[in-house]
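Residue-level structural notes
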Amino acid sequence: MLALLAPWGGSLHAQEPAAVLQRMEERLDSMQLARALRDSLALRAKYSDTVVAGGLRIATSARLRPFALAAGEEAWQSLVARFGPSVTAHGAFPVTTFGSTRSTVPKLAKAGDLARGLERSAALWIWSTQGAAVLRWMGGTVPTGTISHSDVGDIAEELLRTPARPNRACYSGETMACAAALGIHVGADTLDAWFEPDTWPRLAGMVSGELNGLERVARERCMNAGDLSACRSILTPARVLPPVGVVGRQYLVQLAFESGGASAFERLAADTGVTLEHRLAAAAGVPIDTLLNRWGASLRAVPRGPAAPPQELLLGLAWSGLLLTMALRGSRWR
Amino acid sequence: MFRAILWSQWRESRLAMVVLAGMAVAVPLLSLRGAGAVTDPWASWDLLRATARWGAAYPVLALAAALALAAGAWWPDHRTKHVYALTLPVSRVRYLLLRYGAGLTLLFVIAAVLAVSTVVATIRVPLPTLLHAYPGGITVRFLLAGLSAYTILFGLMGLTPRMARLVAAVFLLVVLAALVADLASLGWNPLGSVVDALLGPYSPLAIFRARWMLIDV
């Protein structure tokens, strides 16, 4: 068995592991897309009616048609607003199924809930077909909705909490440090670019997921003996804690879209041959430095700490006054 | 007269007051006890994680204080069937305001203890650059949360037995409606709606959902 595997192992060893992984990921992506298409074709035969709302096709029953149509139209409008009018330029969406011939719509069900579900699955399709590299950079998570003010505050906290080399400089306004923290512009040695060696043993302790026997031994050696080569073998770019997590990356994409207007996604998806920073800059319609500056500035602009803002103070006092008045006007003793 | 009522309130809730004041001293000190040297690269990580973990203790403390003080405000009258209150030559509104004020005064005392404790706790800890301590902010938020909860509980505990039964019946009806809605797959949860209304962004208890970080960015 080992003899059979040896030529494979040799050829794999000779290649850049990251490149091999990327090729395997791309193959997996295309296999998953093919499987989704096959499944959607098979399911199409089971449903009696198909609703078409813009580019969305929803296989459903005649009874559920009006509900599915309303949801589909709402989802489509939202998708066009997010991704631009030529969102279907790269092929049709797979057919989505909703209910079956026996299903009924609950009396209080809202079309908006279904619309959000349809929008999410269509958005995943759009990202995986037209922006797969950016999607991978976002940890495979499609941005849904708008990142809130409080989430932006959490990104700022994460930036100062994680002991990564570029984080504090990024928070202080250094654009290149933000690019490194976001994983846009990192050198060949990601681990060294992100973290000082004295943080590696504890980072190794944070590695989750399945580790094989050798990796577990290496992790122990890293954590207990501070063996940096063992740490390196564990802390691969895929496993190491990123200086800024998925939400921070999604927020950069959100800012790029806000800056770029209606055709931002089209520009992001237009040229897949260029680097991530060029694609984000193209989407935003501004240089990447400007976009990163905006990202950093908006993080610094969020007020933090538990100091009650004036409206919270007024609201609390107003409610207390109202409730006290009600209590004083109670009927006891009358 | 206020002093007499304050004394009666203190007598009723002194045990709870001592425990709550002790907790107000302990929580900030314990939350920052593991803080390492500023030179440690993980100092911010440890500090913010510990602060976030202990953050839930402040609203719980505010709620517990509100509950103890509201109960202490009404218990002497409930026990004596309001005879003492009815014999006093003051209007009902004035009497209730005095009772409410006495509880509020004790809430201020716990908040003052918390303020001192948070200041001491944050002075003892060397803060990494770009992180800040918010002893004043957390005390104000504690006071505001305690005030809202105390007012609600003061109102609820002052209800007549008939009104209290009515409130309990409405609550049971909502729970029942939630069960029926769930069984009938109506896609609607009245209990969830009530909780959302109570904790929504403009509700009296919204402050309990806020961030309670003694150390923050």
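Above: the structure in question.
Quick summary incoming for the structure in this document. (Residues numbered from 1 in each chain as written. Chains lettered and ligands numbered in written order. Predicted model: local features only at pLDDT ≥ 70, side-chain atom pairs only at ≥ 80, totals over all residues. Heavy atoms only, no water.)

The next subject is the side chain of Thr118 of chain B. Along the chain, the position of Thr118 of chain B falls in helix H5 (residues 92-124). Leaving out residues up to four positions away in the same chain, Thr118 of chain B has contacts with Pro28, Pro135, Ile138, Thr139 and Leu214 of chain B. (Helix = DSSP H or I, 4+ residues; strand = E, 2+ residues; numbered from the N terminus. Contact = heavy atoms within 4.5 Å.)

Throughout the structure, instances matching the rule amount to 12 aromatic pairs over all chains. Ring plane angle 75° and centroid distance 6.3 Å describe the contact between Phe83 of chain A and Trp127 of chain A, whose orientation is recorded as edge-to-face. Placement of the pair is Phe83 of chain A in helix H3 (residues 65-83) and Trp127 of chain A in helix H4 (residues 111-130), with a sequence separation of 44 residues. Each member of the pair Phe83 of chain A and Trp127 of chain A is classed as buried. Seen from their ring centres, Trp74 of chain B and Phe154 of chain B are 5.5 Å apart, and the 45° between their planes marks the pair as tilted. Note that Trp74 of chain B is positioned in helix H3 (residues 57-79) and Phe154 of chain B in helix H6 (residues 135-157), a separation of 80 residues in sequence. Each member of the pair, Trp74 of chain B as well as Phe154 of chain B, is classed as buried. Within the aromatic cluster, the residues linked to one another by ring pairs are Phe83, Trp127, Phe257 and Phe265 of chain A. Positioned over the ring face of Trp45 of chain B is Arg161 of chain A, at 5.4 Å from the centre of the ring. (Phe/Tyr/Trp six-rings, centres within 6.5 Å; stacked < 30°, edge-to-face > 60°. Buried < 20%, exposed > 50% of the residue type's maximum accessible area, 1.4 Å probe, protein only. Lys NZ or Arg CZ within 6 Å of the ring centre and 35° of its normal.)

Another aspect to go through is the state of the cysteines. Residues and elements named next belong to chain A. One pass over the structure, following the stated rule, counts 2 disulfides over all chains. Cys170 shares a disulfide with Cys178; S-S distance 2.1 Å. The chirality of the disulfide connecting Cys170 with Cys178 is right-handed, given an S-S dihedral of about 95°. Both residues of the pair, Cys170 and Cys178, count as buried. Cys222 shares a disulfide with Cys231; S-S distance 2.0 Å. In this structure the cystine formed by Cys222 and Cys231 twists about its S-S bond by roughly 95°; its chirality is therefore right-handed. On the accessibility criterion, Cys231 (0% relative accessible area) is buried. Indicated for chain A is the disulfide connectivity 1-2, 3-4, based on numbering the bonded cysteines in sequence order. (Disulfide = S-S within 2.5 Å.)

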